[in-house]
Amino acid sequence: MKTVFEISSPGRIGVSLPDLDVPATSEIPPGLLRENGGKTGLPEATEGQILRHYVNLSTMNHHVDKGMYPLGSCTMKYNPKLHENLARIRGLSGLHPLVPDELAAGSLELMYRLGEFLCEITGFEGVSLQPAAGAQGEFCGIMIIKSYHESRGEKQRNEILMPDSAHGTNPATSTLSDCVVVGVESNEYGLVDPEDLKRKVGPLTAAFMLTNPNTLGLFESRIEELTSIVHEAGGLNYMDGANMNALLGIAKPREMGFDVCHLNLHKTFSTPHGGGGPGSGPVICSEELARFLPDPVVIREDDGSIRFSRNQDSFGRLLAFQGNIGVLYKAYAYIRTLGAEGLREVSENALINANYLKSKLADYFDNPFDNGPCMHEFVLSGDRQAKLGVRTLDIAKRLLDYGFHAPTVYFPLIVHEALMIEPTETESLEELDTFVEAMVSIAGEAVEKPYLVTDAPVNTPVLRLDEVKAVKDLCVVEPVDKGENI
Amino acid sequence: MSRFIPNQNEHREKMLREIGVGEFGDLLEPIPEKYRLKEKLQLPEPISELGLNREFEEFASRNTGAELACFLGAGSYDHFIPAAVDHILLRSEFYTAYTPYQAEVSQGTLQAIFEYQTMIARLTGMEMANASMYDGASSAAEACLMAMRSTRKQRILIAGSLNPRWQDVIRTYLKRDDFEINEIPFLDDGSLDLETAGKLIEGGTAAVLVQYPNYFGLIEDIQPAAELIHGSGGLLIVAADPVALPLLRSPGDAGADIVVGEGQSMGIPMSYGGPYAGFMAASAKLARKMPGRIIGRTTDRAGQTGYVLTLQTREQHIRRDKATSNICSNQALMALANSAYLSLMGERGFREISSQCYHKSHYLEKKLLEIPGISRLFSKIPFFREFVISLPVSSIAFRDRMIEHGILAGLPLVELGEGAMLVTVTEKRTRDEIDRYAMAAAEICGGGTS
């Protein structure tokens, strides 16, 4: 499709602006003016042309409102439409972040109440709504943990332990936090091996970072033992809450021995992913750690008023302002709509849907860690198909032809040819059955007509794209000489 | 079941039979009994769609600050947003998709962000840009880390005239014993103290970071800072205000190596602080040091043009602890808002917005300077959209009195003096609002020093 620069023609404009209604009394000194006669190279097109451009682009996207999106660990559930309207109410969207607190009483109360809800759901006492995404939540959590150790004169603790199945953000966060990653092995059941954890903890342990349920979709059954090992060594336990969709109203991270966790509101709490953001990654922690939370926190005064405050021992600030507030509004709306029983139904149905798919696909794909029920997701291996020359990547691409998004592939790293499938609770039995049919059909094609899979996708706006070429002949901006007005 | 869950009890029973368990509770077998909640969560009773609407209207009505004429800026700005921007954002195809991992069914997002990268690169005068960061401040912090990675030097100099909230974020991201952050002071006229900068740079500095225009709205020539840091083998990072760029010399032309900034001014509502979108642009030689997603153009098996996530070996899901950053989700939809806004505004519209911000802020400044006792701080240097005034009364008291007049007057900067106030005028403020501001200010300051 043509780029927006290629539909551009000098003189066109997509907005009607009022004339300047004040006298122009001053001019910018010539030496400070933009080069090139002031040209920026922005497109020139009418409102209608721009709309048509973006609408045509949009039709090339798969998305939750179109069809199932079983992307493991991403919790692609339905995004309620009302929430989009609510976040756009003028009194919410039009509020400047630096107004005095008393002029923002509505937003502050909403944030305070959301914080209370998240504490209740996880069992913790302290909360920051500031982190913009899960990875920033991880950074926030590790900074809290570092501050805690430092406050106890144990600044040397700089090792973050994590299983080999951890999300990539976990080790990257450790590096960003000036810590060292120490890998802990998984056992034959896909769970953290407590014996290996015992070997790895020590006087340098800052934290054990664990996703629970883990990235295989399995609950860490020996969690009490794991968190105790870390506590006894003087470390703290961090839960990556990416998989919290399995636990709403079912179990609380705090009770399992975790000291701090982040939640992904754009996963568990139905806020839309927006094609890669904005997310929101609130951090929830024990009362003991709350004094280190980032600046600012929302507090309730004795007189009932709610305002921003700064903790004396805060490790600092993560964003210029107080977080992805528009996302918080949507998560609040979700929790208010569902209440306690509704949230539990979310997790119950997420578990049933995942286990149903796992059972239906058991005869067609390998499942190296099938030792009983999974939680909200599960990981298959495409090993059987790979032996026929059909890789997991091919299976993923073929699913696109059947109208589904692909599962998360090649993750976690401990499963060969991994296919990580998370249906979420908002898919119906009928839709799950259609997905099963597609997967079974692809398994059959891999045997009988493998070229159908290896040539896939063919029913998509473009065919399989050359990623190697994209790196080799790097082109990340439209060259200025193409269809140009600069 | 709620309106979000299609499977009813009959479906659940059928599915549990297929799974081979008797009841739902059997699926919880991996969770030790002691951790399974016996009580339901203590949350308010569920509310209807209608009830939730009312609850939100009530919250919104208590945000009285949203009703005032906004002359407050300092990093978030009340700009006009064309209606078409939101119609684009509300396409389910964009907002209910995930990160474009499967490129063949994500060409809409990918091409839109490729175009966004192009617009950001052109506006800043740089060769490339990434697909967005969380906000301007975290983008600035990541730029500092990037500069340290590519120069292998561990000292950063940040201008004292950089937004203090951004300074805080940088200090958080760079909080390590082996990293050094020094502040370059500003002179009495508000400009960067280049002489001190020259001394601080000695002995190995990764980058100098300046804001353009600076926190006080001052338009400084950044080329001398570029020459200074380049002379010692470091990089110049510029935190640029995108709205100023259609008028001002681009940071790239002035010698910047990395340009970061806040995209909120380009089609994103203030929304009490977020979600916004940080942008990051750089010279091509730094591409492989960049954090975050980058979209690249390529071809498919039939030779058609298409777009993919590229240079992924920099990223956390491949490189893990060796990644250039831990960032995963960025602010893709907000970047889309930026590109939709810039497409609609276009070459002429965006320059007009920039120009009106310039003239309207100068109109207010002139009116305020007519009031006895009010002067402009740093008055020797030209400004864009924001300026600092010195009031004959306390700026906090002034702000509070102005609220009674229906005006958010600005941000008190008490660190510059009891009467110092940062005042912002965007194109959205009418002449009538600006005149009302000046009249109310005259009334409040009329009694002389209080």
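The model shown is predicted, which means the values in this text are computed figures rather than measured ones. (Residues numbered from 1 in each chain as written. Chains lettered and ligands numbered in written order. Predicted model: local features only at pLDDT ≥ 70, side-chain atom pairs only at ≥ 80, totals over all residues.)

Next up on the list: the domain arrangement of chain B. Segmenting chain B into domains produces domain 1 (9-55), domain 2 (66-79 + 347-445) and domain 3 (83-341). Put simply, the middle of domain 1 of chain B and the middle of domain 3 of chain B, counted by C-alpha atoms, are 44 Å apart. (Domains from an automatic or database assignment.)

Before going further, it helps to spend a moment on the environment of Phe383 of chain B. Residue and element names in this part refer to chain B. On the secondary structure map, Phe383 appears in the loop between strand S11 (375-376) and strand S12 (386-390). Along the backbone, Phe383 and Phe216 are 167 residues apart, and their C-alpha atoms lie at a distance of 8.0 Å. Setting aside anything within four residues of it in sequence, one finds Phe383 in contact with Pro213, Gly217, Leu218 and Ile219. (Helix = DSSP H or I, 4+ residues; strand = E, 2+ residues; numbered from the N terminus. Contact = placed C-beta atoms within 7 Å.)

This part is about the packing of helix H4 (residues 105-122) of chain A against helix H9 (residues 325-361) of chain A. Residues and elements named next belong to chain A. It is at 10 Å that the axes of H4 and H9 come closest, and there the two elements cross at 60°. The orientation of H4 with respect to H9, classified from their angle, is oblique. Of the two possible hands of crossing, H4 and H9 adopt the one that is left-handed. Between H4 and H9, the contacting residues are Ser107, Leu110, Met111, Arg113, Leu114 and Phe117 on the first element and Ile325, Leu328, Tyr329, Ala331, Tyr332 and Ile335 on the second. Broken down by class, the residue content of the contact of H4 with H9 amounts to 10 nonpolar, 1 polar and 1 charged. (Axes fitted to C-alpha atoms, helices over the stretch in contact; angles between N-to-C directions. Parallel < 35°, antiparallel > 145°, perpendicular 65-115°, else oblique. Left-handed = near helix turned anticlockwise from the far one by under 90°. Nonpolar A, V, L, I, M, F, W, Y, C, P; charged D, E, K, R; others polar.)

Residues and elements named next belong to chain A. The sheet built from 7 strands is open, its strands ordered S1-S7-S6-S5-S4-S2-S3 with mixed pairing. The open sheet terminates on both sides in strands that have one partner only, identified here as strand S1 (126-128) and strand S3 (180-184). In this sheet, neighbouring strand axes are inclined to one another by 20° on average, regardless of whether the strands run parallel or antiparallel. (Pairing = 2+ DSSP bridges.)

Our focus in this paragraph is helix H11 (residues 392-401) of chain A. All names here are of chain A. Within H11, 8 of the 10 residues are buried, leaving the element largely enclosed by the surrounding structure. Where H11 is buried, its residues meet helix H10 (383-386), strand S11 (408-409), strand S12 (418-421), helix H12 (429-448) and helix H13 (450-454). Count one or two residues on from H11 and you reach Gly403, which has phi positive near 90°. (Buried ≥ 20, exposed ≤ 12 C-beta atoms within 10 Å, placed from the backbone.)

This brings us to the environment of Phe292 of chain A. Residues and elements named next belong to chain A. Along the chain, Phe292 turns up in the loop between strand S7 (283-285) and strand S8 (297-300). Sequence spacing of Phe292 and Gly241 is 51 residues, and the spatial spacing of their C-alpha atoms is 20 Å. In contact with Phe292, other than residues within four places in its own chain, are Ile144, Ser147, Tyr148, Asn311, Asp313, Ser314 and Phe315.

What follows deals with the domain arrangement of chain A. According to the domain assignment, chain A consists of domain 1 (83-336) and domain 2 (347-470). Split by residue class, the side of domain 1 of chain A that touches domain 2 of chain A holds 9 nonpolar, 8 polar and 1 charged.

Right, let's get into the interface of chain B and chain A. Across the boundary between the two partners, chain B contributes 170 residues, which contact 174 residues of chain A. Broken down by element, the side of chain B that touches chain A gets its largest block of residues, 23 residues, from helix H12 (residues 332-369) of chain B. By residue class, the composition of the side of chain B that touches chain A is 82 nonpolar, 51 polar and 37 charged.

Moving on, we get to the packing of helix H5 (residues 107-124) of chain B against H12 of chain B. All names here are of chain B. Contact geometry of H5 with H12 gives a least axis separation of 9 Å together with a crossing angle of 65°. Here the hand of the crossing between H5 and H12 comes out left-handed. When H5 is examined against H12, the residues Thr109, Ala112, Ile113, Glu115, Tyr116 and Met119 are found in contact with a partner set consisting of Ala332, Ala335, Leu336, Asn338, Ser339 and Leu342. Tallied by class, the residues present in the contact of H5 with H12 amount to 8 nonpolar, 3 polar and 1 charged.

Residue and element names in this part refer to chain B. Strand order in the open sheet formed by 4 strands is S11-S12-S15-S14, and the pairing between neighbours is antiparallel. Bordering the open sheet on either side are S11 and strand S14 (411-412), each of which pairs with just one other strand. The sheet contact formed by S14 and strand S15 (residues 420-424) spans 2 bridges and is antiparallel. Looking at the pairing, Pro412 lines up with Met421 of S15.

All names here are of chain B. Relative to the helices and strands, Ile158 is located in strand S3 (residues 155-159). Looking at Ile158, the number of C-beta atoms within 10 Å reads 24, which means it is buried. Considered as a pair, Ile158 and Cys144 are 14 residues apart in the sequence and their alpha carbons are 9.5 Å apart. Not counting the four nearest positions on each side in its chain, Ile158 is found in contact with Gln167, Ile170, Ile181, Glu183 and Leu209.

Core analysis: the biggest nonpolar cluster contains 313 residues, and Cys144, Leu209 and Ile258 of chain B have the highest contact counts within it. The element contributing the most residues to this core is H9 of chain A, with 19 residues. Not counting chain neighbours up to four residues away, the residues in contact with Cys144 of chain B comprise Ile156, Ile170, Leu174, Ala207, Leu209 and Ile237 of chain B. (Core = buried A, V, L, I, M, F, W, Y, C linked by C-beta atoms within 7 Å.)

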